[in-house]
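Residue-level listing of the chains:
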Amino acid sequence: MSFENILLERDGDAAVVTINRPKALNALNAATLQELDRVFTEIGSDDSVSVVIITGAGEKAFVAGADISFMKDLNAVAARGFAMLGQAVFNKIENLPQPVIAAINGFALGGGCELAMACDIRLASENARFGQPEVSLGVLPGFAGTQRLPRLVGKGLAKELIYTGDMIDANEAYRIGLVNKVYPAAELMAAAKKLAEKIASKGQVAICLAKSAVNQGLEMDSARGMAYEAEVFGLSFATEDQFEGMSAFLEKRRAEFKGR
Ligand code: CAA
């Protein structure tokens, strides 16, 4: 697969996707979103990939938002289409069979913060900055920021961030639950890869089902969520990994998971 705006590399069982427009602080135009759609479609059906890491090229930005030069002259219909494209790509990431770790290595603003929020786990460097600055441009978040931010940090904080357009630093993002952990910039990728390796060493089908149970459950009332959990818990007993994982525990040895 060849791309103009992203890079795809392998690191053991992990795929590393890098948004590669450092001169524009990795801003997302339609072409970049289409390439992300393509790469995540491929990764989603690649059994050899257990985990994905997504990051930004350069030392300054993860993604500084949707591309303002691209958006400036859009009419209402085209802007709605652009929002729907971004939302569809981020939904694909959120619902990818494999877990996705965002390694947030700098500015994560607007569409960049929205991309990070679509990932399963967010790790940030100390120099990362977060925000939804769209109101400063006379628009509002359009890649699901009004939906994912309140679900992650609560309605009050989400509204404050969206109405003021304020930027917060990595420690504040950690404090409000927007990121899982903060690392010195030079240690971020190694930490993301170590986490990816740990996740890849577990039962992959179980992780895929757990991801689905959390994501689906958050869209349901808790009784339905629990019923869904019981279904997929049952389903995990149809895998070789379940038998291997439990046998290995009882035989006091390390499990050799096959992902089936
Ligand atoms: N779109 C297009 N280009 C962008 C960009 C963006 N979102 N963010 C930065 N750039 C470009 C700049 O225009 C600049 O290009 P030139 O060198 O050609 O002038 C280059 O990246 C470097 O940026 P700065 O010179 O501005 O760098 P800085 O260090 O002074 O500031 C920054 C960094 C605070 C991130 C600043 O660039 C900034 O505020 N960027 C815009 C952030 C923003 O508003 N994001 C939200 C976009 S709207 C959105 O995302 C809608 C949605 O939800 C779908």
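Look a little higher up for the structure.
Predicted model only: the values in this text are computed from it and were never measured.

Asker: How do you make sense of the overall build of the protein when you look at a structure like this?
Answerer: Check the secondary structure of the protein and you find eleven helices and ten strands. The C-alpha atoms of the protein give 19 Å as radius of gyration, which agrees with the globular expectation for 260 residues (18 Å, within 12%). With respect to the three principal axes, the spread of C-alpha positions in the protein is 60 × 40 × 35 Å. Of the contacts made within the protein by residues no fewer than 6 positions apart, 68% connect residues no fewer than 24 positions apart. Summed over its atoms, the accessible surface of the protein is roughly 13700 Å², and 55% of this surface lies on carbon and sulfur atoms.

Asker: Can you help me understand unusual backbone geometry in this one?
Answerer: Generally, phi is negative for residues other than glycine and the peptide bonds are trans, each holding for most cases. For L25, which is not glycine, the phi torsion reads 50° and is therefore positive. Turning to its location among the elements, L25 is positioned in the loop between β2 (14-19) and α1 (30-44). Phi is positive for N26, close to 60°, though the residue is something other than glycine.

Asker: Just checking my understanding: could you explain the packing of helix α4 (residues 111-118) against helix α5 (residues 145-153) for this structure?
Answerer: Put simply, α4 and α5 touch, their axes get as near as 10 Å, and they point 55° apart. In terms of axis orientation, α4 runs oblique to α5. Read as a crossing pair, α4 and α5 show a hand that is left-handed. Contacts between α4 and α5 pair E114, M117 and A118 from the former with G145, R148, L149 and L152 from the latter. A class-by-class count of the residues in the contact of α4 with α5 yields four nonpolar, one polar and two charged.

Asker: Looking at this structure, how should I read the environment of S45?
Answerer: Structurally, the position occupied by S45 is in the loop between α1 and β3 (51-56). Owing to a relative accessible area of 58%, S45 belongs among the exposed residues under this scheme. The spatial distance from the C-alpha of S45 to the C-alpha of Q98 is 9.6 Å, given a sequence separation of 53 residues.

Asker: When you look at the sheet that holds strand β8 (residues 129-131) in this model, what are you seeing that I'm missing?
Answerer: Reading across from one edge, β4-β6-β8-β9 is the order of the four strands in this open sheet, with mixed pairing throughout. Because the sheet does not close on itself, it has two edges, and the strands there are β4 (61-63) and β9 (167-169). Going from strand to strand, the sheet's axes swing by 20° on average, the running direction of each strand aside. Across three bridges, the pairing between β8 and β9 is antiparallel. Bridge pairing in β9 links F130 to I168. Of the strands in this sheet, β4, β6 (107-109) and β8 touch α4, which is tilted by about 75° from β4.

Asker: How should the sheet that holds strand β5 (residues 100-104) be read in this particular structure?
Answerer: In sheet architecture, strand pairing relies on hydrogen bonds along the backbone and comes in two forms, parallel and antiparallel. Strand order across the open sheet formed by six strands is β1-β2-β3-β5-β7-β10, with mixed pairing between neighbours. In this open sheet, the two strands that pair with only one neighbour each are β1 (6-11) and β10 (181-183). For this sheet, the mean angle separating the axes of adjacent strands, direction not counted, is 20°. With six bridges connecting them, β1 and β2 associate as antiparallel partners. Its bridge partner lying in β2, E9 is registered against V16.

Definitions and limits used
Residues numbered from 1 in each chain as written. Predicted model: local features only at pLDDT ≥ 70, side-chain atom pairs only at ≥ 80, totals over all residues. Heavy atoms only, no water. Helix = DSSP H or I, 4+ residues; strand = E, 2+ residues; numbered from the N terminus. Rg over C-alpha atoms; globule rule 2.2 N^0.38 Å. Contact = heavy atoms within 4.5 Å. Areas by Shrake-Rupley, 256 points an atom, 1.4 Å probe, with all protein chains shown as cover. Axes fitted to C-alpha atoms, helices over the stretch in contact; angles between N-to-C directions. Parallel < 35°, antiparallel > 145°, perpendicular 65-115°, else oblique. Left-handed = near helix turned anticlockwise from the far one by under 90°. Nonpolar A, V, L, I, M, F, W, Y, C, P; charged D, E, K, R; others polar. Buried < 20%, exposed > 50% of the residue type's maximum accessible area, 1.4 Å probe, protein only. Pairing = 2+ DSSP bridges.

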